[in-house]
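# Close look at the chain arrangement
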Amino acid sequence: MTAFRPRILVIDDEPQIHRFLGPALDAAGYEPIRADDAASGLRELARKPPDAVVLDLGLPDMDGKEALAKARAFYDGPVIILSARDRETEKIDALDAGADDYVEKPFGVGELLARLRVALRHKLERQGAEATIVSGNVEIDLVNRRVSRDGAHVKLSPKEYDLLASLAGGNGRVLTHRQILTAVWGPAHEHDVQYLRVFVGQLRQKLEDDPAAPKLIETEPGVGYRLGGLV
């Protein structure tokens, strides 16, 4: 199991791009991964494939289109090209080489995040996964990391959301305490069951009609939890 914090690999040789894009991705609920050239980016792609890639065309060690072609030999996730090149043929060549979208420098972070959300939504659709999970009167938008109850937005902390999304990823299956703790908090916390119970309690207070008789987050005594009421 993996935590529901999409990993975004940014391959760009400009330090200032990483300085402002990294925090922006983090604030939007993503885990930014940095690579400063094509070689390190391709190694990271092979080591642990991210959920999406932001790739600069003007890299110091390899043309971005060549790096894209190499990546497409083993990676089928979304790739958004990021470059100062404004020639239309460059855009067409990159898209023909397998890019999902193209954003020109200088760019607005809002535009890039919007294109990233679209690319990730398309990825979910290709995989046959649901972009939105509905359980009773609760709706979980896995692309935009938003949760609503009876149509009204519910404010969750990042960890509360990650916990709920992890349960949603189980598709109604029971997830053990260890599975959930490892996915959301990491292997160092795999035995912190009381910690998990506190967060489950917080979610139930925010999302259940009757927290004392939960129907959304069901307890399997001594084992773990499951998301109930899936539509």
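The chain is annotated in an unreviewed UniProt entry as Response regulator of Bosea caraganae.

What follows is about the nonpolar core. Formed by 28 residues in total, the largest nonpolar core has its most connected members in Ile140 and Leu227. If you list the elements that add at least two residues to this core, you get β7 (138-141), α6 (158-168), α7 (177-185), α8 (193-207) and β12 (224-227). Among residues more than four places away in sequence, those in contact with Ile140 are Ala131, Thr132, Ile133, Arg146, Val147, Tyr161, Leu164, Ala168 and Leu227.

Now for the sheet that holds strand β9 (residues 152-153). Pairing within the open sheet is antiparallel, and its 4 strands lie in the order β6-β7-β8-β9. Lying at the two open borders of the sheet, with one neighbouring strand each, are β6 (132-135) and β9. Note: β6 against β7, 4 bridges, orientation antiparallel. Looking at β7, one finds that Thr132 is bridged to Asp141.

A few words on the pattern of salt bridges. Enumeration according to the criterion identifies 16 salt bridges in this entry. Across the salt bridge formed by Asp100 and Arg72, the nearest N and O atoms sit 2.9 Å from each other. One end of the pair, Asp100, is in the loop between α4 (88-96) and β5 (101-104); the other, Arg72, is in helix α3 (residues 64-72), and 28 residues separate them in sequence. In this structure Asp100 comes out as partly exposed when scored by relative accessible area, which is 34%. Looking at Arg72, the relative accessible area reads 24%, which means it is partly exposed.

Two elements in contact, α6 and α7, have axes separated by 10 Å at closest approach and are oriented at 135°. Between α6 and α7, the angle is such that the two are oblique. Read as a crossing pair, α6 and α7 show a hand that is right-handed. Packed against α6, whose contacting residues are Lys159, Asp162, Leu163, Ser166 and Leu167, the element α7 presents Ile180, Ala183, Val184 and Trp185 at the interface. Among the residues forming the contact of α6 with α7, the class breakdown is 6 nonpolar, 1 polar and 2 charged.

Attention now moves to unusual backbone geometry. Across the junction of Lys105 and Pro106, the peptide omega takes the value -10°, indicating a cis bond. Not every positive phi belongs to a glycine, and Arg145 is a case in point at roughly 55°. With respect to the secondary-structure elements, Arg145 resides in the loop between β7 and β8 (146-149). Phi angles above zero are rare outside glycine, and Asp150 is one such case at about 55°. Here Asp150 is to be found in the loop between β8 and β9.

Moving on: the pairing of β8. Across 4 bridges, the pairing between β7 and β8 is antiparallel. In the sheet register, Asp141 faces β8, and the bridge partner there is Arg146. What sits between the antiparallel neighbours β7 and β8 is a turn of 4 residues, in which Arg145 has the positive phi angle 55°. Turn length for the β8-β9 hairpin, with the two strands adjacent in sequence and antiparallel, is 2 residues, and the turn residue Asp150 shows positive phi of about 55°.

Within the sequence span of α7, burial applies to His177, Ile180, Leu181, Ala183, Val184 and Trp185. Against α6, β10 (175-176), α8 and β12 lie the buried residues of α7. Just past α7, the residue Gly186 takes up positive phi, approximately 100°.

Before going further, it helps to spend a moment on the packing of helix α2 (residues 38-47) against α3. Where α2 meets α3, the closest approach of the two axes is 11 Å, and the angle between their N-to-C directions is 15°. With respect to α3, the axis of α2 lies roughly parallel. Between α2 and α3 the crossing geometry is right-handed. In contact with Ala38, Leu42 and Leu45 of α2, α3 contributes Ala67, Lys70 and Ala71. When its residues are assigned to classes, the contact of α2 with α3 shows 5 nonpolar, no polar and 1 charged.

Criteria and cut-off values
- Residue indices follow the written sequence of each chain, beginning from 1 at its first position.
- Only residues with pLDDT of at least 70 get local features here, since the model is predicted, and only at 80 or more are side-chain atom pairs given and counted; chain-wide, interface and lining totals rely on the full set of residues.
- For the side-chain quantities, the full set of heavy atoms in the structure was used; hydrogens and water were omitted.
- Side-chain atoms within 4.5 Å link the members of a nonpolar core, which is a set of buried Ala, Val, Leu, Ile, Met, Phe, Trp, Tyr and Cys residues.
- Residue exposure (1.4 Å probe, protein chains only): buried if accessible area is under 20% of the type maximum, exposed if over 50%, otherwise partly exposed.
- Here a strand is any run of E in DSSP of at least two residues, a helix any run of H or I of at least four, and the numbering for each starts at the N terminus.
- Only heavy atoms matter for contacts: two residues are in contact if any of them lie within 4.5 Å across the pair.
- Strands qualify as paired when DSSP identifies two bridges or more between them.
- Any Lys or Arg side-chain nitrogen located within 4 Å of an Asp or Glu carboxyl oxygen qualifies as a salt bridge.
- Orientation is described by lines fitted to C-alpha atoms, with helices fitted over the stretch in contact, and by angles between N-to-C directions that extend from 0 to 180 degrees.
- Put simply, angles under 35 degrees are roughly parallel, angles over 145 are roughly antiparallel, angles from 65 to 115 are roughly perpendicular, and the rest are oblique.
- Rotating anticlockwise by less than a right angle from the far helix to the near helix defines a left-handed crossing, while the corresponding clockwise rotation defines a right-handed one.
- Amino acid classes used here: Ala, Val, Leu, Ile, Met, Phe, Trp, Tyr, Cys and Pro are nonpolar; Asp, Glu, Lys and Arg are charged; the rest, including Gly, are polar.

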